[in-house]
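Descriptive analysis of the structure
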Amino acid sequence: DIVVFGRAVANRVAETSKPGAPLRALPANAGAASLANMDNLRYAKGNTSTAELRLNMQKTMQQDAAVYRTQETLADGCVKMDAVVASFDDIK
């Protein structure tokens with residue numbers, strides 16, 4: 001997946017970027033929302049550890065969203081991944 005999507009991204013960057021072109025200015029609060037999100041996770045008081053959540057996500061992706069999959073396994077994986085995402089609300 002990384003090879004396929006990495007190549008696609010590189011091709012898109014080559015199409016849309018010009019060497020030496022100036023970068024757009026960032027807003028004064030650039031990154032503030034990301035830092036707030038990280039703080040929410042860092043100071044969360046739930047019951048699910050980040051390691052547990054990561055393992056659940058990894059297993060779900062490996063079983064139901066692998067490169068070799070069927071529409072049925074992918075649909076099952078979407079339901080399972082929705083449950084994993086919901087567990088973010090209980091992160092510790």
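On a predicted model such as this, the values are computed, not experimentally measured, just so you know.

**Brief notes about the pattern of salt bridges**
Using the criterion set out here, one finds three salt bridges in the structure. Salt-bridge contacts for Asp-39 lead to Arg-42; the nearest nitrogen and oxygen are separated by 2.5 Å. Residue Asp-39 and its partner Arg-42 are both found in helix H2 (residues 32–42); the two are separated by three residues, about one turn of the helix.

**Some remarks on the side chain of Ser-87**
With respect to the helices and strands, Ser-87 occurs in the segment after helix H4 (71–86). Within the structure, Ser-87 has its side chain in polar contact with the backbone oxygen of Val-84 (distance 2.5 Å). Setting aside its immediate chain neighbours within four residues, Ser-87 contacts Thr-48 and Leu-53.

**Side note on H4**
Since there are 3.6 residues in each turn of an α-helix, residues three or four apart along the chain are aligned in direction. Over its 16 residues, H4 extends 23 Å from the first C-alpha to the last, a length consistent with the 22 Å expected when each residue adds 1.5 Å. Here H4 has its buried residues at Gly-77, Met-81 and Val-84. The arc that holds every buried residue of H4, seen down its axis, measures 50°, which confines them to one face. Away from the buried face of H4 by more than 90 degrees, exposed residues Gln-71, Glu-72, Val-79, Asp-82 and Ala-83 are located. Here the buried face of H4 lies against helix H3 (50–64).

**Some thoughts on the packing of H3 against H4**
Between H3 and H4, the least distance of the axes is 9 Å, while the angle of their chain directions is 170°. By the angle between their directions, the pair H3 and H4 is classed as roughly antiparallel. Along its contact with H3, which presents Leu-53, Asn-56, Met-57, Thr-60, Met-61 and Asp-64, the element H4 presents Thr-73, Leu-74, Asp-76, Gly-77, Lys-80, Met-81 and Val-84. Within the contact of H3 with H4, the residues separate by chemical class into six nonpolar, four polar and three charged.

**Some words on the environment of Asn-47**
Secondary-structure assignment places Asn-47 in the loop between H2 and H3. What makes Asn-47 exposed here is its relative accessible area of 60%. C-alpha of Asn-47 to C-alpha of Ile-91: the two residues are 44 residues apart in sequence and 5.9 Å apart in space. Contact partners of Asn-47, with chain neighbours within four places excluded, come to Asp-90, Ile-91 and Lys-92.

Rules behind the numbers
- Residue indices follow the written sequence of each chain, beginning from 1 at its first position.
- The predicted origin of the model limits local features to residues at a pLDDT of at least 70 and limits the giving and counting of side-chain atom pairs to 80 or more, whereas totals for whole chains, interfaces and linings rest on all residues.
- Remark: hydrogens and water are excluded; side-chain values derive from all non-hydrogen atoms of the structure.
- When a carboxyl oxygen of Asp or Glu is within 4 Å of a side-chain nitrogen of Lys or Arg, the pair counts as a salt bridge.
- Counting from the N terminus, the helices are the DSSP runs of H or I reaching at least four residues and the strands are the DSSP runs of E reaching at least two.
- Contacts described as polar in this section are N or O atom pairs within 3.5 Å, which, within protein, must combine one atom able to donate a hydrogen with one able to accept it, while residues neighboring in sequence count only if both atoms come from side chains.
- The contact criterion used is simple: two residues touch if any of their non-hydrogen atoms lie within 4.5 Å.
- How far a helix is expected to stretch is found by multiplying one less than its residue total by 1.5 Å.
- Only protein chains enter the accessibility calculation, which uses a 1.4 Å probe; a residue whose area is less than 20% of its type maximum is buried, one above 50% is exposed, and one in between is partly exposed.
- For this quantity, the arc is that covered by the directions from the helix axis to the C-beta atoms.
- Here an angle of 0 to 180 degrees is reported between the N-to-C directions of two axes, which are lines fitted to C-alpha atoms, with helices fitted over the stretch in contact.
- Roughly parallel means an angle under 35 degrees; roughly antiparallel, over 145; roughly perpendicular, 65 to 115; everything else is oblique.
- Amino acid classes used here: Ala, Val, Leu, Ile, Met, Phe, Trp, Tyr, Cys and Pro are nonpolar; Asp, Glu, Lys and Arg are charged; the rest, including Gly, are polar.

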